Amino acid sequence: MDITQFHAAFFEESREGLDAMEAGLLGLEESGRADDETVNVIFRAAHSIKGGAATFGFGAVTDLTHVLETLLDQARSGGRVLDAEATGVLLGSVDVLRDLLAVYEQGGPDIEGRIDHAALAHARAGLDRMLAGAAGAATTPIVKAPAADAGPDHWRIAFNPLPSLFMSGNDALRILRELAGLGEMAVQCHDRDLPAFAALDPHEAHLGWTLTLPGTVKRGDIDEAFAWVEDQCELQIEAVAAEPVPSASTGIDTATGAPAANAPSRAANEADTSIRVAVNKVDALINLVGELVITQAMLRQRAQSLDPVANEALLSGLEQLDRNTRDLQEAVMGVRMLPAEFAFSRFPRMVRDVAARLDKKVRLKTSGESTELDKGVIEKIVDPLVHLMRNAIDHGLELPAERRAAGKDETGTIRMSAAHQGGHIIIEVGDDGRGLDRERILAKAAERGLPLPEHPTDAQVWDLVFHPGFSTADALTDLSGRGVGMDVVKSNIVALGGNVEISSTRGQGTTVSIRLPLTLAIMDGMSVSVGDEVFIIPLNRVVESLQPGPGDVRTVTNEGRVLRVRDEFLPLLNLGATYGLPAPRRNDVPPIAVVVECDGRKLALEVDELVGQQQVVVKNLEANYRRIDGVSGATILGDGRVALIVDAGGLGQAARLPAAA
């Protein structure tokens, strides 16, 4: 059998295992104490990776995880404390394993040449050093070993595989043989779920067992035998004392010897609630639903010319199709939604490493990890969040001595949160550090000749840090202070259709708020016509629309036209002229101004007509044609025409908004 067909599943599960190991190790380090459940999670992840790597012949991964597993097994048995040094060595091994998996996943004939043998040797040496050194006295053993005079008389194991166990490549017979090798074992087989011969499916597991092992067998050895099938069975392991124990207290059904019905395996239940689906399959499904939405819009537009009385049944069916299409669209988009935890999970490790390099004490608090947003948004928001996190640690938080002198806890706090707000998601990164220095920023802006109003607000001053190359750092480091980073943050977020704001209080800290759309694939838009063309303006950018009155439009020297909206003057752009449309606006139709907002500034767009509001499927124009300034994408209208989606933020920047705006 060609086992390479299982490579993709192995690499994906191994990466998840490494993430679980890293999260567990960071949790142990933060809490300062070891708990048996966390250590067992870390051990099982390493054990699974080792077993899979051995199956596929990935020797370097197998060898390293074997040593790592040995160290973790000592911790499980209570013979070793996972102190800060041991945690650092284990985290370093996780990094090396990630690199090794990437090399094996890429494949090719030169795998050995692409392995970083120096890093592998360093990780192996660290683990060997830990194993050779003193175990250290555990004040609270990770797993409390029973005293010799209080040990169990025997172990009773209720093992009932799920029907799908064989399909995952596991074998109950192998497990029974492994357990039999630990000591003299008594076996009782249960065939109550065995179907009639005619209905028997040889690919499903139907038998269960009650097993008994001597009390001299280590509990860790029993757990290891079942490590690969914990989510594929109902399992209960009971330590039975020498004195008789009433059967009711064991959780075993007295009639069958099987686990009680009210104590199912949590992992087994969770395994039935999700499936793995390749991302390209989900994207293909979303594209097909998008095409369905476009087709449905075409039918709706064609139906507008039909006689509603003569075609009542047809129009009723089209309305039902409209509702069903929208429900299907929302359901399919939900498949692509992922919790913010997918972005947040990488930061505890980064905060730990950066804080150590800067000799700072930092705690990271996260909230709203279950808040869902589009996978595409998650992928694109990680880099901006990395910049913000590094700036918060490097520039925002003070050194422990400075914090003590200021009457603060010497350990600084960084908070990262996510929450839904309407059709958007708000992500905030805040610190309780020194805050932004208003006067220093203004001085730096004056030095660089950046434009500012006469009496700028705090928000206008904080916005200066997003200018390319702007920095107030005294020293350059490889983390920050080179004048790059914050401008990248803003440009990346604006490209996602979002905006970013800063709030800060001197001596108390800084918070950066990012507002993003929930999805990049579908958006609500306002359709406007300019000449013979139709454009889509993102509805989340639209503030209002109005018809200018006499005297509301003025021309400012060297600044172009402005529109007076109540007591405010806004830059006014003719959308047709901006995009170079050949057909001029009809003189007999009064212009309409659509006021849009981006980055806290407003801009008025002059159009011929408001067509209506609709939900559109966003198509990537750059991937299908090329990048066009002032255009963020395209969509297909109900009549089959292509409509460009206006990039309000790009137009605002190109207009070089005057200070009066």
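Residues numbered from 1 in each chain as written. Predicted model: local features only at pLDDT ≥ 70, side-chain atom pairs only at ≥ 80, totals over all residues. Heavy atoms only, no water.

Visitor: So, the overall build of the chain: which residues are in play, and what are the values?
Guide: For the chain, the helix and strand inventory stands at 21 helices and 22 strands. The contacts of the chain with a sequence gap of at least 6 include a subset with a gap of at least 24, amounting to 69%. As displayed, the chain has an accessible area near 34800 Å², and 52% of this comes from carbon and sulfur atoms. (Helix = DSSP H or I, 4+ residues; strand = E, 2+ residues; numbered from the N terminus. Contact = heavy atoms within 4.5 Å. Areas by Shrake-Rupley, 256 points an atom, 1.4 Å probe, with all protein chains shown as cover.)

Visitor: Run through the confidence of the model for the chain, naming residues and quoting values.
Guide: With 86% of its residues at a pLDDT of 70 or more, the chain has an overall mean of 80. Within the chain, the lowest mean pLDDT, 40, falls on helix α9 (residues 266-271), and the highest, 93, falls on helix α15 (residues 400-405). Within the model, the stretch residues 244-261 combines pLDDT values under 50 with 32 contacts to residues more than four positions away or in other chains. Low pLDDT (under 50) marks residues 656-661, which in the prediction has eleven contacts with non-local residues, meaning those over four places away or in another chain. (pLDDT = per-residue confidence, 0-100.)

Visitor: I'd like a rundown of a nonpolar patch on the surface, residues and numbers included.
Guide: A cluster of nonpolar residues, Leu194, Phe197, Leu200 and Leu207, forms a patch on the protein surface that exposes about 390 Å² of accessible area. Within the secondary structure, leucine 200 sits in the loop between β2 (186-190) and β3 (208-214). (Patch = residues over 30% accessible without salt bridge, like charges linked within 9 Å, V, L, I, M, F, W, Y side chains within 5 Å. Salt bridge = Lys/Arg side-chain N within 4 Å of Asp/Glu carboxyl O.)

Visitor: I'd like to hear about the nonpolar core, residue by residue, with values.
Guide: Judged by nonpolar contacts, the single largest core of 48 residues is most densely connected at Leu385, Met389, Ile414, Ile427, Ile514 and Leu516. Other than its neighbours up to four places away in sequence, methionine 389 contacts Phe347, Met350, Val351, Leu364, Ile414 and Met416. Counting residues in each nonpolar core, the second largest holds 42 residues, with Ile42, Leu72, Leu97 and Leu120 among its members. (Core = buried A, V, L, I, M, F, W, Y, C linked by side-chain atoms within 4.5 Å. Buried < 20%, exposed > 50% of the residue type's maximum accessible area, 1.4 Å probe, protein only.)

Visitor: Please give an account of unusual backbone geometry that cites residues and values.
Guide: The phi dihedral of aspartate 359 falls on the positive side, at around 55°, and the residue is not glycine. The backbone phi angle of arginine 566 is positive, close to 60°, even though this residue is not glycine. Inspection of the secondary structure assignment puts arginine 566 in the loop between β16 (560-565) and β17 (568-574). A relative accessible area of 61% means that arginine 566 is categorised as exposed.

Visitor: Go over the packing of helix α1 (residues 7-31) against helix α2 (residues 36-56) with me, naming the residues and quoting the values.
Guide: Running from N to C, α1 and α2 point in directions that differ by 155°, and their axes come no closer than 9 Å. Between α1 and α2, the crossing angle belongs to the class labelled roughly antiparallel. Read as a crossing pair, α1 and α2 show a hand that is left-handed. For the pair α1 and α2, contact is made by His7, Phe10, Ser14, Gly17, Leu18, Ala20, Met21, Gly24, Leu25 and Leu28 and by Thr38, Val39, Val41, Ile42, Ala45, Ala46, Ile49, Gly52, Ala53 and Phe56, respectively. Broken down by class, the residue content of the contact of α1 with α2 amounts to 14 nonpolar, six polar and no charged. (Axes fitted to C-alpha atoms, helices over the stretch in contact; angles between N-to-C directions. Parallel < 35°, antiparallel > 145°, perpendicular 65-115°, else oblique. Left-handed = near helix turned anticlockwise from the far one by under 90°. Nonpolar A, V, L, I, M, F, W, Y, C, P; charged D, E, K, R; others polar.)

Visitor: Outline the pairing of strand β11 (residues 509-517), listing residues and values.
Guide: Taking burial as the measure, the nine residues of β11 include seven buried ones, the bulk of the element. Pairing geometry for strand β10 (residues 499-505) and β11, over seven bridges, is antiparallel. Residue pairing for β11: threonine 505 is matched across the bridge by glycine 509. Taking the residues between adjacent antiparallel strands as the criterion, β10 and β11 are bridged by three residues, where glycine 507 takes a positive phi near 85°. (Pairing = 2+ DSSP bridges.)

Visitor: Go over the sheet that holds strand β9 (residues 424-431), please, and point to the residues and values.
Guide: Pairing in this open sheet of five strands is mixed, and the strands run β6-β8-β9-β11-β10 from one edge to the other. With partners counted over all chains shown, the strands left at the sheet margins are β6 (361-367) and β10, one partner each. For this sheet, the mean inter-axis angle between neighbouring strands, taken without regard to orientation, is 15°. Across the sheet, helix α14 (residues 375-396) lies against β6, β8 (411-421), β9 and β11, angled at about 175° from β11, the strand it touches most.

Visitor: How would you sum up the packing of aromatic side chains? Please name residues and give values.
Guide: Taken as a whole and judged by the stated rule, the model has nine aromatic pairs. On the numbers, 5.6 Å between centres and 15° between planes, the contact of phenylalanine 11 with phenylalanine 58 is stacked. Of the two residues, phenylalanine 11 is situated in helix α1 and phenylalanine 58 in the loop between α2 and α3 (59-76); the sequence distance between them amounts to 47 residues. Taking 4.6 Å as the distance between ring centres and 25° as the angle between the ring planes, the aromatic pair formed by phenylalanine 58 and tyrosine 104 counts as stacked. A residue pair is termed long-range when its members are at least 10 positions apart, and phenylalanine 58 in the loop between α2 and α3 and tyrosine 104 in helix α4 (residues 84-106) qualify at 46 residues. The class for tyrosine 104 is buried, based on a relative accessible area of 8%. Pairwise contacts between aromatic rings join Phe10, Phe11, Phe56, Phe58 and Tyr104 into one cluster. (Phe/Tyr/Trp six-rings, centres within 6.5 Å; stacked < 30°, edge-to-face > 60°.)

Visitor: For the side chain of histidine 154, give the residues involved together with the corresponding values.
Guide: By secondary structure assignment, the location of histidine 154 is in strand β1 (residues 154-161). Within the structure, histidine 154 has its side chain in polar contact with the side chain of aspartate 153 (distance 2.9 Å). (Polar contact = N/O pair within 3.5 Å; in protein donor to acceptor, adjacent residues only side chain to side chain.)

Visitor: Report on the environment of methionine 185, specifying residues and quantitative values.
Guide: If you trace the backbone, methionine 185 turns up in the loop between α7 (172-180) and β2. Each C-alpha atom of the pair methionine 185 and threonine 212 lies 5.5 Å from the other, and the pair is 27 residues apart in sequence. For methionine 185, the contacting residues outside a window of four places in its chain are Leu176, Leu179, Ala180, Leu211, Thr212 and Leu213.

Visitor: Explain the pairing of strand β19 (residues 601-607) to me, and be specific about the residues and the numbers.
Guide: When you tally the buried positions in β19, you get five out of seven residues, the bulk of the element. Direction of pairing for β17 relative to β19: parallel, over a ladder of three bridges. Across the sheet, leucine 573 pairs through a bridge with leucine 605, a residue of β19. Of the pairings in the sheet, the one linking strand β18 (residues 592-598) to β19 comprises seven bridges and is antiparallel in character. Across the sheet, the residue bridging to cysteine 598 is arginine 601, located in β19.

Visitor: Please provide a residue-by-residue account of the environment of proline 456, values included.
Guide: Here proline 456 is to be found in the loop between α16 (438-448) and α17 (458-462). Taking the C-alpha atoms as reference, proline 456 lies 9.5 Å from leucine 442; in sequence the two are 14 residues apart. Not counting residues within four places of it along the chain, the set of residues in contact with proline 456 comprises Arg438, Leu442 and Val461.

Visitor: Requested: an account of α7, with residues and values cited.
Guide: Within α7 the residues assigned to the buried category are Ala172, Ile175, Leu176 and Leu179. Looking down the long axis of α7, one finds its buried residues gathered within 100° of arc, a one-sided arrangement. Buried residues along α7 sit against β1, β3 and α8 (219-225). Where α7 begins, one side-chain oxygen reaches toward the backbone nitrogen of leucine 173, 3.0 Å away; that side chain belongs to aspartate 171. (Arc of directions from axis to C-beta.)

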